[in-house]
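Fold and contact review
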Amino acid sequence: MGPYEDYFSLKQRVHTTQLQQNNIRDRAEPNKEAKKGKGKIIRILQEDDDLPYEEEIIRNPYSVKCWIRYIEHKQNAQKSVLNMIYERALKELPGRYVHFKRTAIVNYIHTMQNVHIFSCKIQLQLWHELCDLISQNPDKVTSLKVGAIIRGGLTRFTDQLGKLWCSLADYYIRSGHFEKARDVYEEAILTVVTVRDFTQVFDSYAQFEESMIAAKMETTSELGQDEDGDIDLELRLARFELLITRRPLLLNSVLLRQNPHNVHEWHKRVKLYEGQPRQIINTYTEAVQTIDPLKATGKPHSLWVSFARFYEDNEQLDDARTIFEKATKVNYKQVDDLAAVWCEYGEMELRHENYDQALRILRKATAIPARKAEYFDSSEPVQNRVYKSLKVWSMLADLEESLGTFQSTKAVYDRIIDLRIATPQIIINYAMFLEEHNYFEDSFKAYERGIALFRWPNVHDIWNTYLTKFIDRYGGKKLERARDLFEQALDRCPAKYAKTIYLLYAKLEEEYGLARHAMAVYERATAAVEPEEQHQMFNIYIKRAAEIYGVTHTRAIYQKAIEVLPDEHARDMCLRFADMESKLGEIDRARAIYSYCSQICDPRVTAHFWQTWKEFEVRHGNEDTIREMLRIKRSVQATYNTQVNFMSSQMLKATGTVSDLAPGQSGVDDMKLLEQKAQQLAAEAEQDKPKPKDKILFVRSDTSRSELAELAKQANPDEIDIDDEDEDAEDGEPDEVQLEQKSVPTAVFGGLKDD
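Below you will find a few notes about this structure. Source: prediction; values computed, not measured.

**Let's talk about the packing of aromatic side chains**
This structure, assessed with the given rule, holds 32 aromatic pairs. Measuring from centroid to centroid gives 4.9 Å for tyrosine 558 and phenylalanine 577, while their planes differ by 5 degrees, and the two rings are stacked. Separated by 19 residues along the polypeptide, tyrosine 558 in helix α26 (residues 555-564) and phenylalanine 577 in helix α27 (residues 567-583) bring together distant segments of the chain. A network of ring pairs unites the aromatic residues Phe444, Tyr447, Trp463, Tyr466, Phe470 and Tyr474 as a single cluster. Here the basic side chain of arginine 473 rests over the ring of phenylalanine 440, its NZ or CZ set 3.8 Å away from the ring centre. The ring centre of tyrosine 474 lies 4.2 Å from the NZ or CZ of lysine 478, which sits over that ring.

**Concerning the pattern of salt bridges**
Taken as a whole, this structure holds 39 salt bridges when the rule is applied. Notably, a salt bridge pairs glutamate 179 with arginine 182, separated by 2.8 Å at the nearest N-O pair. With glutamate 179 and arginine 182 both in helix α8 (residues 178-189) and three residues apart, this pair spans about one turn of that helix. The class for arginine 182 is buried, based on a relative accessible area of 6%. With a shortest N-O distance of 3.7 Å, arginine 196 and aspartate 197 are connected by a salt bridge. By relative accessible area, arginine 196 is classed as partly exposed at 48%.

**Comments concerning helix α15 (residues 335-351)**
Between its terminal C-alpha atoms α15 stretches 25 Å, which fits the 24 Å expected from 17 residues at 1.5 Å a residue. Every buried residue of α15 is accounted for by Val335, Asp337, Leu338, Ala339, Ala340, Val341, Trp342, Cys343, Tyr345, Gly346, Met348 and Glu349. As for α15, its buried residues are in contact with α13 (301-313), α14 (317-327), α16 (355-365) and α17 (390-403). With its phi angle positive at about 60 degrees, glutamate 353 sits one or two positions after the end of α15.

**Focus on the environment of aspartate 572**
Here aspartate 572 is to be found in helix α27. Here aspartate 572 falls in the partly exposed class, since its relative accessible area comes to 31%. Residues aspartate 572 and isoleucine 562 lie 10 residues apart in sequence; the distance between their C-alpha atoms is 8.8 Å.

Rules used in this analysis
Just so you know, the residues in each chain are numbered from 1, in the order the chain's sequence is written. Selection of residues for local features in this predicted model requires a pLDDT of at least 70, selection of side-chain atom pairs for listing and counting requires 80 or more, and totals for whole chains, interfaces and linings are taken over all residues. As a rule here, side-chain values come from all non-hydrogen atoms in the structure, and water together with hydrogens is ignored. Aromatic rings from Phe, Tyr and Trp, taking only the six-membered ring of Trp, are treated as a pair when their centres fall within 6.5 Å; an angle between ring planes under 30 degrees marks them as stacked, one over 60 as edge-to-face, and anything in between as tilted. Secondary structure elements are taken from DSSP: a helix is a run of H or I of four residues or more, a strand is a run of E of two residues or more, and numbering for both begins at the N terminus. Either the NZ atom of lysine or the CZ atom of arginine qualifies as a charge over a ring when it sits within 6 Å of the ring centre and within 35 degrees of the ring normal. For this document, the term salt bridge refers to a Lys or Arg side-chain nitrogen within 4 Å of an Asp or Glu carboxyl oxygen. The classification of residues rests on relative accessible area computed with a 1.4 Å probe and restricted to protein chains. Under 20% of the type maximum is buried, over 50% is exposed, and intermediate values are partly exposed. What a helix is expected to span follows from its residue count: subtract one and scale by 1.5 Å. Should any heavy atoms of two residues lie within 4.5 Å, those residues are counted as being in contact.

Here it is in structure tokens:
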């Protein structure tokens, strides 16, 4: 009889004893005679809590519900008891046999499934009980093979290894076999694969060693010290210290057993062996032999590189080269891993000033393989695809520039471009290399080759560098060619990058071309740049036009800017325009500009504009002009008020109540919220409103006041006809306005003075 049979026999005896102690007995009770049934005696295994169900089915033997309630009550009973109840029900219910049989079969299937599961959460519990029983009573258990039983449990219950190992060790400890207990602990910490099991075993192991030390110290204190006792105590202390020291390494072993392809854990293991060269070498060797690059977590090439660096640090270059050569033959998952190995190989040779060797290595890495493959073709090994790695080619280009010849370097760059793996920075580096060796035309050809490879926006840096270098080289000697280059650059140029090129183009025309060409470039730029850059571009255009042609030439530019720019920037342009005209003495022109700009200036929002106009009229106008300004201000105010009121009414029609605009707000704040919402909607409507198409009407400075009023009416045919009373009448009379008087220099009138 095997250990399992002995165990189950023992457990059955224990179970039988418990049944006897709980007074669970067989009872034979007769079924009372039903209305239409014969009385008979059925012998069943019955418990106290079964009596209500038995009485119910005796009173109602033909009720299916009664039998089902009884069966549900006995779901957790033994299978034989449950089957017996089913048989009794089928005998009592012959007319409903089919229906009940179907229900019984379904219930039976579910019952068997639950029984199986319950039998497994039960077997585990019994194993734990058995382990505790035999480990805590080793002197009373003599007929069982404890080691075989517990090790059998280790193979069956793999999620409870920690506790089972501790039970086995505890059995040997209580039996007095301490060395066997240590062997069990050592075997356990070297085989468990989860941190939880490791922690259980290690803590139990450490507690055991600590208790052994405490027992030895207690014995020594009772019997006195002797030389052998001291040696034994020192040995136990050293063993305990070694165990504590080994914990990080043992835990690392557990994690590697979980995933032997974890690169990070292998690096940690190497650090744990710091100061032990032989162990480090063994660890690196085991790591590179164990890890599958296709399953690796992390960068597997880093282990090869670190392995070679270890030999390099110990001045064993030949061994380091051997490691690198082996590393280049590994079938990595990514081409970049192999490229990194080649680059590290070359860097090692450079650190030791083996320049020719470094060049040879990189040239070997970029050599065309016998079987070429595309860079992203994962079906091919990385060794057939590394020749297209830009990382390796970039390092080779740097080495050729520093160590090689002009021809060899040029051949490398040409090869990179031919393979179509170049970047804009590679193109720029190539062109600058040719320029350093005075191959200017070849340098420009390199730029053109790069332009043919890339599209916007990647080509921006190439164009910017190319145009700058070309202008620095030739200036105005090849003006037509330079213009062609700029036109090519601006063709399909996104607005985001247009500003820089337009400014460079205009600078070329200013310095070496014609002024009118430069102005044409500036004008094109104002429409080609992004909307948020238009205002700045107009400012540059106006400044350059004023410097080249004079301020009077900027009038058309100001007018276009006011028409094109949004209201925010258009107001700024109008103020600058009017200020310029006033400085030129063109007071009526400036006044007309203020009048035009007033149509886009809400007095409640743009108080600065109206204050500036008022100051202008105080300096250069009279009572009539101030009244005209105030009349325009009231007209504009009424226009904006009308828009706000209209939007408010529309909003009320759409929403119905003010509270819908701001949930949770009510009472005296409703009107305030309504006004705020109306102003917001009015501002949005104003943005969508088309700008006035009327041109700014300029008049001569000698125009009469009546003609000016007539022009103002023509400029604003929709203005509201109101009284000419000052809106500030409540605050003060217009007669109180102080007009500044200035003498006009004689030179202003010139020859007109006599007339």
